[in-house]
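Tertiary structure, described
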Amino acid sequence: MRRVVVLGLVVLAMAASLPVGAQDPIVESARKEGRFTWYTSMNIDDSQPLLDAFRKKYPFIKPELWRGSSEKVLNKIQTETRAGKFFFDVVAVNAFEAGFIKANKLAQPYLPPSAKAYRKGFVDPEGYWVDIYDNYFVLGYNTKLVAKAEAPKSWDDLLDPKWKGKFAMDPEDHPWYLALQDAWGREKAEKYGRALAGQTIQWRKGHTLIAQLLTAGEFPLGLVYAHRIEELKQKGAPVEWVTTTDPIPAELHPILIAAKAQNVNAAKLFVEFIASREGQAMIKAFGRIPAHPELELGWSVNPKQLKLQGVGVVGPDRASQVIKDWRDIFRPTGL
């Protein structure tokens, strides 16, 4: 069904693109460039269909893709930059890593026309990035192992001794911890974090993997993305997520153009495509949470009722401090 929906959106994207703005100077310059390279942490199942739709809209541009976790994408960019290599034209990573890229002058200002429709907080006031989708960090549980009435209702409920050794997290969940610091203050967050670390957390790399293992019953509870649990629920998986935790961290996923992009016009066309309604509709069809304010999620829970805490782009000093705190308190394995 998902494949059919995505295919339909690709067809709509093709129809909307005819004819491509032949008189647009950006299009004409992009035609001469003929290619661009996108570094992203978005998984291949989602990023490749976006590139396929873009390619059908602009068949004279050949996109290239490199995919890794946000941390690996940032490490690759930093390594290449130190070597004087500038291979990427566009990058889309989590807010933490986007902050490093912007602060280290590895991106150039550009806001696509579609960004005018976005809400405050989802577009960089200085014009370097626009958000393309969000991840809600929520507490998920296996409904065969945990009855709804017995499921934790708050983050503090996770400290109950009965959950010791039964809760999974990703070793790079520092954006979640940043949101707790912002919501509770650093001292309270640290006290809570040390208590939770004492619950013998099961570390697994990747929130999709955690959601899959949660479904399989390897552990009853996990820190997961809300949209993954919604997707699994639609497939009949025995999982649910808690809507009452306070806060529910919502991490942005910005897209930026490289400061030394070799194919800057093709990059601009792609950023506009992914931020537009048609690109955002594809992201929604993937089961993700689009940033475009005009697209409804269609969940049983209205996101407006959730106690969301935005995790935006922060400077490298704050990000480094949070990562240091996170590693000191939780000492995660599997990095």
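Residues numbered from 1 in each chain as written. Predicted model: local features only at pLDDT ≥ 70, side-chain atom pairs only at ≥ 80, totals over all residues. Heavy atoms only, no water.

**Considering the overall build of the chain**
Put simply, the rule is: Helix and strand definitions here come from DSSP, where helices need a minimum of 4 consecutive H or I residues and strands a minimum of 2 consecutive E residues; each element is numbered from the N-terminal end. What the globule rule says is 2.2 Å times the number of residues to the power 0.38, and the radius of gyration is computed from C-alpha atoms. Type-normalised accessible area, obtained with a 1.4 Å probe on protein chains alone, sets the label of each residue: buried when under 20%, exposed when over 50%, and partly exposed for intermediate values. The criterion used for residue contact is that any of the two residues' heavy atoms lie within 4.5 Å. In these tables, accessible area is a Shrake-Rupley quantity obtained with a 1.4 Å probe, and a residue counts as shielded only by the protein chains included in the view. Think of it this way: Lys and Arg go in the positive column, Asp and Glu in the negative one, and His and the chain ends go nowhere. Working definition for charges: the position is that of NZ of Lys, CZ of Arg, CG of Asp or CD of Glu.
A tally of regular secondary structure across the chain gives 12 helices and 12 strands. On C-alpha atoms alone, the chain measures out to a radius of gyration of 20 Å, which is about the 20 Å that the 2.2 N^0.38 rule sets for 335 residues. Here the C-alpha coordinates of the chain stretch approximately 65 × 45 × 30 Å along the principal axes. The buried share among the 335 residues of the chain stands at 54%. Of the contacts formed within the chain by residues at least 6 apart in sequence, a portion of 77% connects residues at least 24 apart. Per element, the accessible surface of the chain, about 15,000 Å² overall, is 52% carbon and sulfur. Between the mean site of the 45 positive side-chain charges and the mean site of the 38 negative ones, the chain shows a separation of 2 Å.

**Overview of the pairing of strand β2 (residues 62–67)**
Note the threshold: One requirement defines pairing of two strands: DSSP has to find at least two bridges between them. Here a crossover is taken to be right-handed if, once the strands point away from the viewer, the path from the first strand over the helix to the second is traced clockwise.
As defined by bridge partners, strand β1 (residues 35–40) adjoins β2 across six bridges and the pair is classed as parallel. Residue pairing in the sheet places T37 in a bridge with E64 of β2. The parallel pair β1 and β2 is bridged by helix α3 (residues 44–57), and the resulting crossover is right-handed.

**Re the environment of N94**
Within the fold, N94 resides in the loop between β3 (90–92) and α5 (95–103). Overall, N94 belongs to the buried group, its relative accessible area being 15%. Along the chain, N94 and S41 lie 53 residues apart, while their C-alpha atoms are 7.7 Å from each other. Apart from the residues within four sequence positions on either side, N94 is in contact with S41, S70, N135, E251, L252, H253 and P254.

**Focus on the nonpolar core**
Defined as follows: Here, nonpolar core refers to any group of buried Ala, Val, Leu, Ile, Met, Phe, Trp, Tyr and Cys residues whose side-chain atoms link them within 4.5 Å.
The biggest cluster of nonpolar side chains holds 88 residues, and the ones touching the most others in it are W38, W176, I255 and F270. Ranked by the residues each element gives to this core, the list is headed by helix α10 (residues 264–275), at nine residues. Among all residues touching I255, those that are not within four sequence positions of it are W38, V90, V91, A92, Y128, W129, V130, I132, F270, V271 and I274.

**Thoughts on the packing of aromatic side chains**
Defined as follows: To pair, rings of Phe, Tyr and Trp, with the six-membered ring standing in for Trp, must have centres within 6.5 Å; the planes then decide the type, stacked if under 30 degrees apart, edge-to-face if over 60, and tilted in the middle. Either the NZ atom of lysine or the CZ atom of arginine qualifies as a charge over a ring when it sits within 6 Å of the ring centre and within 35 degrees of the ring normal.
Evaluation of the coordinates by the stated rule reveals 18 aromatic pairs. An angle of 75 degrees between the planes, with centres 5.6 Å apart, marks the rings of W155 and W176 as edge-to-face. In this pair, W155 sits in the loop between β5 (130–142) and β6 (167–169) while W176 sits in helix α6 (residues 174–184), placing the two residues 21 residues apart along the sequence. Each of the two residues, W155 as well as W176, counts as buried. Within the aromatic cluster, the residues linked to one another by ring pairs are F36, W38, F54, Y58, F60, F270 and F273. For the cation-ring pair, K76 lies above W66, with the distance from its terminal atom to the ring centre recorded as 4.9 Å. The lysine or arginine in question, R288, covers the ring of Y133, its NZ or CZ lying 4.4 Å from the ring centre.

**Remarks on unusual backbone geometry**
The linkage connecting D246 with the following residue, P247, adopts the cis geometry, with an omega of 10 degrees. Mapped onto the secondary structure, P247 falls in the loop between β9 (239–241) and β10 (248–258). Residues other than glycine seldom take positive phi values, yet K105 does so here, at roughly 60 degrees. Within the fold, K105 resides in the loop between α5 and β4 (107–108). Despite not being glycine, R331 shows a phi value in the positive range, around 45 degrees. Checked against the element boundaries, R331 lands in the segment after α12 (316–330).

**Re the confidence of the model for the chain**
Here is the rule: The predictor attaches a confidence to each residue, and that confidence, scored 0 to 100, is pLDDT.
Looking at the chain as a whole, its pLDDT mean stands at 90, while 93% of the residues score no less than 70. A low-confidence stretch, residues 13–19 (pLDDT under 50), is modelled with six contacts involving residues beyond four sequence positions or located in other chains.

**Describing the pattern of salt bridges**
Selection rule: We define a salt bridge as a contact between a side-chain nitrogen of Lys or Arg and a carboxyl oxygen of Asp or Glu at a distance within 4 Å.
Throughout the structure, instances matching the rule amount to 22 salt bridges. For the salt bridge of K233 with E240, the shortest nitrogen-to-oxygen distance reads 3.1 Å. A relative accessible area of 24% means that K233 is categorised as partly exposed. Among the charged side chains, a salt-bridge network with shared partners connects D46, R228, E231 and R288.

**Some remarks on the side chain of D325**
Its place among the elements puts D325 in helix α12. Leaving out residues up to four positions away in the same chain, D325 has contacts with Y177, Q181 and R186.

**Some points on helix α9 (residues 226–234)**
The buried fraction of α9 amounts to seven of the nine residues, a majority that puts the element mostly inside the structure. Among all positions in α9, only A226, H227, R228, I229, E230, E231 and L232 are buried. Positioned one or two residues after α9, G236 has a phi angle of 90 degrees, which is positive.

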